[in-house]
Each structure stands twice: as structure tokens, then as C-alpha cells.
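Read off the chains here:
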Amino acid sequence: MLTLFALLTALPALGQKDLAVEEFFGDDSPLEGKIRTVYLSGSNLDGRDMTLFRSILSTGSEDDVEEMGDAAEEDARKGNSVKRVVNGNTLMALYVQLPPAAGQKDNRFVLFRRLSETKAMLVYIEGPTTLDKIVNVKINK
């Protein structure tokens, strides 16, 4: 089981290769040691219209949260559909639907949510779904 986990965490998602958030999910993440990660694929996602789910929770500093948000904002410029939640000038949440990666069929999604000044969640999803469905699942679960 531990070997399987190590294998899954070492495999980058092919669809992330051209995204700014990619650096946070790799083995040499700038937040290494300050994040908790979740990787799900296959039967773990049955019935959810997702083929890949990767999530990190940063418990680092304000700068770490800003870097995560900036990367998500950079990827939003490539998005087909973007939803932002702001409080004043502060980005609180960002939901982005991106087109499939070259040669792939599934849409890609980047979700960012600021939980506090020093804590944020960054999620990467692949699947045959839409941003509205992803946001609805996220809010209602």
C-alpha cells in the first residue's frame, strides 16, 4: 500500500504540464513540508465525473497562500470558464475550467480557496464534467 502511494504521488498529471499550478503538486514543490496532499483516481472517483483529483492544503505563510493564488490566477487566463470570489481586493476563491490538454479528452479544473491568511487549498481535477457541476459538488458536499 505504501509503495502504491509513493508511486501515485510521484506521477505528475499529464494535463498539468502547461499550467502554473503544476509546481505545487510535484516532488520538488516550493511548499514541501508545509502541505498535506490527496491524490485520487480510478474507482475512488466512481460516480463523480472525475478521472483525477489532486488536492493540497498549505499551512505555511501568507506568502505561500499568495503564490498559490497567483498561480491559479495565471492559469485562469487560459480558462474557458472562470468564477472568482473576492473580499475587497483579496482573492478568496477561484474556480477555473480549462480545455483538455493536447491529445486528451477530459476537461481540466483548477480550484483555489483561501481558508485564512496562512492557509489555502489548491485542487486540480480532470474529468468529463463542467465547472458548474464541480462547484455545485464542492459547495453541496
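Residues numbered from 1 in each chain as written. Predicted model: local features only at pLDDT ≥ 70, side-chain atom pairs only at ≥ 80, totals over all residues. Heavy atoms only, no water.

### Side note on the environment of Arg 113
Here comes step 1: In this structure, Arg 113 sits in strand E5 (residues 107-116).
Here comes step 2: Given a relative accessible area of 44%, Arg 113 falls into the partly exposed group.
Here comes step 3: Between the C-alpha atom of Arg 113 and that of Tyr 95, which follows or precedes it by 18 residues, the distance is 8.6 Å.
Here comes step 4: Excluding its chain neighbours within four sequence positions, the residues that come into contact with Arg 113 are Met 92, Ala 93, Tyr 95, Ala 120 and Met 121. (Helix = DSSP H or I, 4+ residues; strand = E, 2+ residues; numbered from the N terminus. Buried < 20%, exposed > 50% of the residue type's maximum accessible area, 1.4 Å probe, protein only. Contact = heavy atoms within 4.5 Å.)

### As for the pairing of E5
Here comes step 1: Across the 10 residues that make up E5, a large majority, seven, are buried.
Here comes step 2: Pairing between strand E4 (residues 90-98) and E5: six bridges, direction antiparallel. Across the sheet, the residue bridging to Ala 93 is Arg 113, located in E5.
Here comes step 3: In this structure, E5 lies alongside strand E6 (residues 119-127), joined through nine bridges in antiparallel fashion. Paired with Val 110 across the two strands is Tyr 124, which belongs to E6.
Here comes step 4: Hairpin connection from E5 to E6: two residues lie between these consecutive antiparallel strands. (Pairing = 2+ DSSP bridges.)

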